[in-house]
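Next come the chains, spelled out residue by residue.
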Amino acid sequence: MILEAPLSEEVVRSLRLGQQVSVDGVVFIGRDEVHIRALERRRQGKLLPVDLEDGILYHCGPIVTRDSRGWKVIAAGPTTSARMNALEPDFIREFGIRAIIGKGGMSRPTVDAMKERGCVYLAFTGGAAVLAAQGISRVRSVEWLDLGMPEALWIVEAKGLGPLTVAIDAHGNSLYEQVEEEVKKNLPAARRRLHDMEQKSP
Amino acid sequence: MVADLIEEAVVQLLRDAVTALPPDVVDALRRAEARETSEVARSQLRIILDNIDAAGRLAVPICQDTGVHVFYVTGPVDASVEESIRSGVARATEEIPLRPNAVHPLTRENPGTNVAVGLPHIIYYPTDEDFLEITVLPKGAGSENMTALAMLAPADGIDGVKRFVLDTVVKAGGRPCPPTIVGVGIGGTSDLAVSMAKEALLRPLDLPNADPGLAALEEQLAEALNLTGIGPMGLGGDTTVLGVRISTAYCHTASLPVAVNLQCWAARRATARIYPDGRVRFGRSPFDP
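Residues numbered from 1 in each chain as written. Chains lettered and ligands numbered in written order. Predicted model: local features only at pLDDT ≥ 70, side-chain atom pairs only at ≥ 80, totals over all residues.

### Considering the overall build of chain B
Line of reasoning, step 1. A count of helices and strands for chain B gives eight helices and nine strands.
Line of reasoning, step 2. Projecting the C-alpha coordinates of chain B onto the three principal axes gives extents of approximately 50 × 50 × 40 Å.
Line of reasoning, step 3. With 289 residues in all, chain B has 54% of them scored as buried. (Helix = DSSP H or I, 4+ residues; strand = E, 2+ residues; numbered from the N terminus. Buried ≥ 20, exposed ≤ 12 C-beta atoms within 10 Å, placed from the backbone.)

### Considering the sheet that holds strand β5 (residues 180–187) of chain B
All names here are of chain B.
Line of reasoning, step 1. Ordered in space as β4-β7-β5-β6, the four strands form an open sheet in which the pairing is mixed. Here the strands that pair on one side only, and so sit at the sheet edges, are β4 (148–152) and β6 (241–249). Put simply, the sheet's adjacent strands are angled 15 degrees from each other on average, direction ignored.
Line of reasoning, step 2. Sheet contacts for helix α8 (residues 212–226): β5 and β6; angle to β6, the most-contacted strand, approximately 140 degrees. (Pairing = 2+ DSSP bridges. Axes fitted to C-alpha atoms, helices over the stretch in contact; angles between N-to-C directions. Contact = placed C-beta atoms within 7 Å.)

### Some details on the domain arrangement of chain B
Residues and elements named next belong to chain B.
Line of reasoning, step 1. What the domain assignment lists for chain B is domain 1 (3–20 + 62–140 + 268–283) and domain 2 (142–263).
Line of reasoning, step 2. A C-alpha centroid distance of 25 Å is found between domain 1 and domain 2.
Line of reasoning, step 3. Those elements giving two or more residues to the side of domain 1 that touches domain 2 turn out to be β1 (68–75) and β3 (132–139).
Line of reasoning, step 4. For the side of domain 1 that touches domain 2, the element with the highest residue contribution is β3, accounting for three residues.
Line of reasoning, step 5. Split by residue class, the side of domain 1 that touches domain 2 holds three nonpolar, two polar and three charged. (Domains from an automatic or database assignment. Nonpolar A, V, L, I, M, F, W, Y, C, P; charged D, E, K, R; others polar.)

### Here's the deal with the interface of chain A and chain B
Line of reasoning, step 1. Counting from both sides, the interface comprises 43 residues of chain A and, opposite them, 47 residues of chain B.
Line of reasoning, step 2. Where the side of chain A that touches chain B is concerned, the elements lending two or more residues are β4 (63–67), β5 (70–75), α5 (129–134), β9 (153–168) and α6 (175–195) of chain A.

### Structural notes on helix α3 (residues 88–95) of chain A
Residue and element names in this part refer to chain A.
Line of reasoning, step 1. For α3, the complete set of buried residues consists of Glu88, Pro89, Phe91, Ile92 and Phe95. Seen end-on, α3 carries its buried residues on one side only, within an arc spanning 165 degrees.
Line of reasoning, step 2. At its buried positions, α3 is contacted by α2 (32–43) and α4 (108–117).
Line of reasoning, step 3. Immediately beyond the C-terminal end of α3, within one or two residues, lies Gly96, with a positive phi of roughly 65 degrees. (Arc of directions from axis to C-beta.)

### Focus on the packing of helix α2 (residues 23–35) of chain B against helix α3 (residues 39–58) of chain B
Residue and element names in this part refer to chain B.
Line of reasoning, step 1. It is the contact of α2 with α3, at a shortest axis distance of 9 Å, that shows an interaxial angle of 150 degrees. Taken together, α2 and α3 sit at an angle that is classed as roughly antiparallel. Helix-helix and strand crossings are classified by hand; for α2 and α3 the assignment is left-handed. Between α2 and α3, the contacting residues are Val26, Leu29, Arg30, Ala32 and Glu33 on the first element and Arg42, Leu45, Arg46, Ile48, Leu49 and Ile52 on the second. (Parallel < 35°, antiparallel > 145°, perpendicular 65-115°, else oblique. Left-handed = near helix turned anticlockwise from the far one by under 90°.)

### Focus: the packing of α2 of chain A against α3 of chain A
All names here are of chain A.
Line of reasoning, step 1. One way to put it is that α2 packs onto α3 with a least axis distance of 10 Å and a crossing angle of 50 degrees. Considering their axes alone, α2 and α3 lie oblique with respect to each other. The chirality of how α2 crosses α3 is left-handed. Mapping the contact onto sequence places His35, Ala38, Leu39 and Arg42 in α2 and Asp90, Phe91, Glu94 and Phe95 in α3.
Line of reasoning, step 2. The residue makeup of the contact of α2 with α3, split by class, is four nonpolar, one polar and three charged.

### Looking at the sheet that holds strand β9 (residues 280–283) of chain B
All names here are of chain B.
Line of reasoning, step 1. Strand order across the open sheet formed by five strands is β2-β1-β3-β8-β9, with mixed pairing between neighbours. Two strands lie at the open edges of the sheet, namely β2 (121–126) and β9, each paired on one side alone. If you compare each strand with its neighbour and ignore which way they point, the axes differ by 15 degrees on average.
Line of reasoning, step 2. For β1 and β3, the ladder comprises seven bridges, and the chain directions are antiparallel. Its bridge partner lying in β3, Val70 is registered against Leu137.

### What to know about the nonpolar core
Most often, soluble globular proteins keep nonpolar side chains buried together rather than apart.
Line of reasoning, step 1. Ranked by internal contacts, the top residues of the largest apolar core, which has 145 residues, are Val120 and Leu122 of chain A.
Line of reasoning, step 2. Of all the elements, β9 of chain A adds the most residues to this core, at nine residues.
Line of reasoning, step 3. Each of domain 1 (3–20 + 62–140 + 268–283) and domain 2 (142–263) of chain B contributes no fewer than three residues to this core.
Line of reasoning, step 4. Discounting residues that sit within four places of it in the chain, Leu122 of chain A has contacts with Val21, Ala99, Ile100, Ile101, Leu164, Thr165, Val166 and Ala167 of chain A. (Core = buried A, V, L, I, M, F, W, Y, C linked by C-beta atoms within 7 Å.)

### With respect to α8 of chain B
Line of reasoning, step 1. Across its 15 residues, α8 of chain B extends 21 Å between first and last C-alpha, which sits within 8% of the 21 Å expected from 1.5 Å per residue.
Line of reasoning, step 2. Listed in full, the buried residues belonging to α8 of chain B are Leu214, Leu217, Glu218, Leu221, Ala224, Leu225 and Asn226 of chain B.
Line of reasoning, step 3. Here the buried face of α8 of chain B lies against α6 of chain A together with α6 (157–172), β5 and β6 of chain B. (Expected span 1.5 Å × (residues − 1).)

### Brief notes about the pairing of strand β8 (residues 270–274) of chain B
Along any regular strand the residues' side chains alternate between the sheet's two faces.
Residues and elements named next belong to chain B.
Line of reasoning, step 1. Taking burial as the measure, the five residues of β8 include five buried ones, the bulk of the element.
Line of reasoning, step 2. Here β8 shows no split at all, with Ala270, Ala272 and Ile274 on one side and Thr271 and Arg273 on the other all buried.
Line of reasoning, step 3. Bridge analysis of β3 against β8 gives five bridges, and the strand direction is antiparallel. Within β8, the position partnered with Leu132 by the bridge is Ile274.
Line of reasoning, step 4. What sits between β8 and β9 in their antiparallel hairpin is a turn of five residues, with Gly278 showing a positive phi close to 100 degrees.

### A closer look at the environment of Arg16 of chain A
Residue and element names in this part refer to chain A.
Line of reasoning, step 1. Residue position: Arg16 is located in the loop between α1 (9–14) and β2 (20–29).
Line of reasoning, step 2. Separated by 150 residues in sequence, Arg16 and Val166 have C-alpha atoms that sit 6.7 Å apart.
Line of reasoning, step 3. Excluding residues that lie within four positions of it along the chain, Arg16 makes contacts with Val166 and Asp169.

### What about unusual backbone geometry?
Residues and elements named next belong to chain B.
Line of reasoning, step 1. Pro97 follows Ile96 through a cis peptide bond whose omega is -10 degrees.
Line of reasoning, step 2. By the secondary structure assignment, Pro97 is in the loop between α4 (79–95) and β2.
Line of reasoning, step 3. Residue Pro179 follows Pro178 across a cis peptide bond; omega there is 10 degrees.
Line of reasoning, step 4. Here Pro179 lies in the loop between α6 and β5.

Next comes the structure, spelled out in structure tokens:
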């Protein structure tokens, strides 16, 4: 299934856990510093340089080069979303984003904010930076470049960005929590494996 | 030693390291894909392998996080070596390009070159050989951020070490970009344990530990970690780790330090040996003496 940005709440709510999708249209690339600055601006009553409503946020710090024709994305895989755990619930509520692309998943408060506002988490394979760059057709603009290349707010156009897995849906379900439960069940077997062989003293 | 030669070799090392993975790592990923029983896990590994192919074809970095750069230097070392490595890193950042990752820890100011106070991090082992050997390990933050150190009690023994490794990998979950390689440093001082855990990652996956006891321990840990079901990218599956690498050192009689340094699947490393006559030999791990 192809998701075309901006997204409607209806489309987002219809996505099922584990479903594979790709993304077309405008994507906002932002990570740690973008979250900090955007929320700070909002607290000060200032506008952001772009309207994020119904948009797709990509947790990523890309490698981008510039030549006479403009910016070119060289490598743009996802970054660890968990670093944004403390900021994301507010970010979702304040700016009305409909999807987050990232890796590694996010904690319960973010899952709850996603359920409340109609937002999903799309998992991209960590390190798949070249495939990701091939799914980005153009850099539309960049804001806050003073934060440095990895931390700036990049506004890009995606064409077939993916494959992405719906890993947190808009109904409070998280694939990561399901795997965590499985891991808990598997731990006794893993521990037994550590002790069922008498270790020769090294 | 000609400074230009070292700088040139460093640029080449970084290019090799970030655009193509060592063959032992690619082989391990291929075997994991063939073995996986979970469909999601197989698809994650397929994407990883496709991405490695695409990076090789286009000669661009496999992952956008080209890391901060840890160098291991053995040979006749003088002060000029550091200068050449630093200028090589700055040039590679511009030419390859690498992502400018090095920032001030508090102001987060980014000089844009990956060269600043403390970075690149260079570890020296002076020798009387006439050649200089330089190995680079570009370390991404996703896996580096999961580093853990425990100062165990001697009574915790080998069981305590095993428990700590398992707990660290489970706690990290999908964040370090599994399947990972698990570097473990046992013994030494606290700082030496952490340093050994990272340096242990330089040993290729197809080269067993020279100590048979440690080789068995590595195997056992890898099997147990793969029973957790964390899987590629933490989305579940049979492949949580590609291997475990252990280094040890003697420690204080009242201590048992153990450190874990995780390496994401993009296990990048490259080595150059530079001879006084100007010949340079390139490889993907430290050469045998």
